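Next come the chains, spelled out residue by residue.
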Amino acid sequence: MTESNEAGSLAELAVFGAAPLFSRARTTGQLANRDPDRFFALASGAFERRWLTNQGPLVQELEERLCRFHGTAHCVTFANACFALALALRTLARPGAKRVLLPALTFRGLPHLIRWAGLEPQYCDVDPVTHTLAPESLARHIGPDTAAVLAVDNVNALCDIDAIERLTGAAGVPLLMDCVYGIGGSYGRDRVGSRGRASVFSLHATKLINGFEGGYLTTDDDALALDLRSQRNFGFGDDGVVRQLGLNGKLNELHAAFALSNLPHVQSIVDGNAERFAAYRHGLAGIPWVSFADYSRSPGTYSLVLLRVAPDAPYTRDALIRILRAENALVRPYYAPPLHRVDPVPASGGAPAVELPVSDRVSREFIQMPVGDLVSVEDIGAISRFFTTLDRRSGSIAGRLRELPR
């Protein structure tokens, strides 16, 4: 049974001072740990070999297995996905060009990585259904100063890869894919990870394949893979001589061990996500002012549950987030505010340099709901019943909420 105190009357809501619905936080990350015995066995072997880093046998095995998983010639692992993205952008960027085009509705760390690569972000709008880079917006912005395009697959839909590749190919601009949430999906017959010049994935604990931390890049480009293997290791060549600018971005054996222990269980993890997603759909079906993002073009992993709050709902999206977080359901807004609203902000402090209406609208509507291995179907039942209380008592709850200090 879930650890919960079902909310009944107004006085029992945690936002008004009562005990929370959950005594332990329910979060929005995957946090899978499917075979700890296998992890400890692999880690023990690494300690016995005294080979804990510098492209050890576990890292090599992980790279080989991920190549097969994605159907690519190369997989290059990194200490995290940030290194993979920054180094790939730096390597792929067109000489003399400075702008990297990317969707405004995405992870707020991406502009940092673009700047670490010596480039500047330029934001495009997104498709209203898929929330991915809109080809028509990309077509308006791509130009002579475009160094690269960074397209991002979302959990509810994959990019329109064919249209994006046509545009980047015609302009002679390299395409890098951020496939962190697209893992396991396919663009038609092609697996995610096999299109564009390269694709980047995360092994962070909150992602589908949990390696504690880490990331990797897939590509069929032999020269790019060789170059990035050198850059992640201080720019060394095979002879140990520094051939180019590099850094220490290598994945270690312990993180590889944990990823290897979880990799065989990807389908089981996805099945658990699908079960939770179905429980949300069933449990919230009777709440007229919420719905879900369109998952008809999803990679099918359901590693995020995106709940839409209707404009005429009795609560604002942000008010709902406040209410739920008080109950220890650690929900969060979905990419809000969008990147063009916060980065870069014009020196005058005025309006952003570009208007992207779809990104603005979507960023105001969605909540990321609790998911992953630490959230049970029973927990989702409790959340659903809590929403029923919010719906039935919306007038009194919303009114009292407005009286609370912010």
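Relevant structure appears above.
Scoring rules and cut-offs
Residues numbered from 1 in each chain as written. Predicted model: local features only at pLDDT ≥ 70, side-chain atom pairs only at ≥ 80, totals over all residues. Heavy atoms only, no water. Helix = DSSP H or I, 4+ residues; strand = E, 2+ residues; numbered from the N terminus. Rg over C-alpha atoms; globule rule 2.2 N^0.38 Å. Buried < 20%, exposed > 50% of the residue type's maximum accessible area, 1.4 Å probe, protein only. Contact = heavy atoms within 4.5 Å. Areas by Shrake-Rupley, 256 points an atom, 1.4 Å probe, with all protein chains shown as cover. Patch = residues over 30% accessible without salt bridge, like charges linked within 9 Å, V, L, I, M, F, W, Y side chains within 5 Å. Salt bridge = Lys/Arg side-chain N within 4 Å of Asp/Glu carboxyl O. Phe/Tyr/Trp six-rings, centres within 6.5 Å; stacked < 30°, edge-to-face > 60°. Lys NZ or Arg CZ within 6 Å of the ring centre and 35° of its normal. Pairing = 2+ DSSP bridges. Right-handed = clockwise from strand over helix to strand, strands pointing away.

(A) Representation of the overall build of the protein. Secondary structure summary: the protein contains 14 helices and 13 strands in total. What you see for the protein is a C-alpha radius of gyration of 22 Å, in line with the 22 Å of a compact globule of 406 residues. Counting only C-alpha atoms and orienting by the principal axes, one finds that the protein spans roughly 70 × 55 × 40 Å. Residues classed as buried in the protein amount to 54% of the 406 residues present. When contacts within the protein are restricted to residue pairs at least 6 apart in sequence, those whose partners lie at least 24 apart make up 70%. Accessible surface, the protein as shown: approximately 17100 Å² in total, 53% of it carbon and sulfur.

(B) Quick look at a nonpolar patch on the surface. Where nonpolar side chains cluster on the molecular surface, the patch consists of Phe 234, Phe 236 and Val 242 and spans about 250 Å² of accessible area. Positionally, Phe 234 belongs in the loop between α7 (222-231) and α8 (253-262). On the accessibility criterion, Phe 234 (38% relative accessible area) is partly exposed.

(C) Layout of the packing of aromatic side chains. Applying the stated criterion across every chain, the model contains 14 aromatic pairs. Ring centres of Phe 212 and Phe 258 lie 4.1 Å apart, and the angle between their planes is 10°; this geometry places the pair in the stacked category. With Phe 212 in the loop between β8 (198-202) and β9 (215-219) and Phe 258 in helix α8, this pair connects stretches of sequence that are 46 residues apart. Between Phe 234 and Phe 236, the aromatic rings sit 5.8 Å apart at their centres with planes inclined by 45°, giving tilted as the arrangement. A network of ring pairs unites the aromatic residues Phe 39, Phe 40, Phe 212 and Phe 258 as a single cluster. In this arrangement the basic side chain of Arg 400 is found over the ring face of Phe 16, its NZ or CZ atom lying 4.3 Å from the centre.

(D) Broad picture of the pattern of salt bridges. As enumerated under the stated definition, the model contains 17 salt bridges in all. For the salt bridge of Arg 34 with Asp 373, the shortest nitrogen-to-oxygen distance reads 2.8 Å. On the criterion of sequence distance, the pair formed by Arg 34 in the segment before α1 (36-49) and Asp 373 in the loop between β13 (366-369) and α13 (377-392) is long-range, its members being 339 residues apart. Across the pair Arg 341 and Asp 360 runs a salt bridge, and its minimum N-O distance is 2.7 Å. Of the two residues, Arg 341 is situated in helix α11 (residues 339-342) and Asp 360 in helix α12 (residues 357-365); the sequence distance between them amounts to 19 residues. With a relative accessible area of 33%, Arg 341 lands in the partly exposed category. Within this structure, Asp 162, Glu 165, Asp 190 and Arg 195 form a network of salt bridges that share partners.

(E) Representation of the pairing of strand β2 (residues 99-103) within the structure. Counted residue by residue, β2 has 4 buried out of 5 residues, so it is predominantly covered. Of the strand pairs in this sheet, β2 and strand β3 (residues 120-124) are connected by 5 bridges, and their pairing is parallel. Note that in β3 the partner of Pro 103 across the bridge is Cys 124. Considered for its hand, the β-α-β crossover made up of β2, helix α4 (residues 110-116) and β3 is right-handed.

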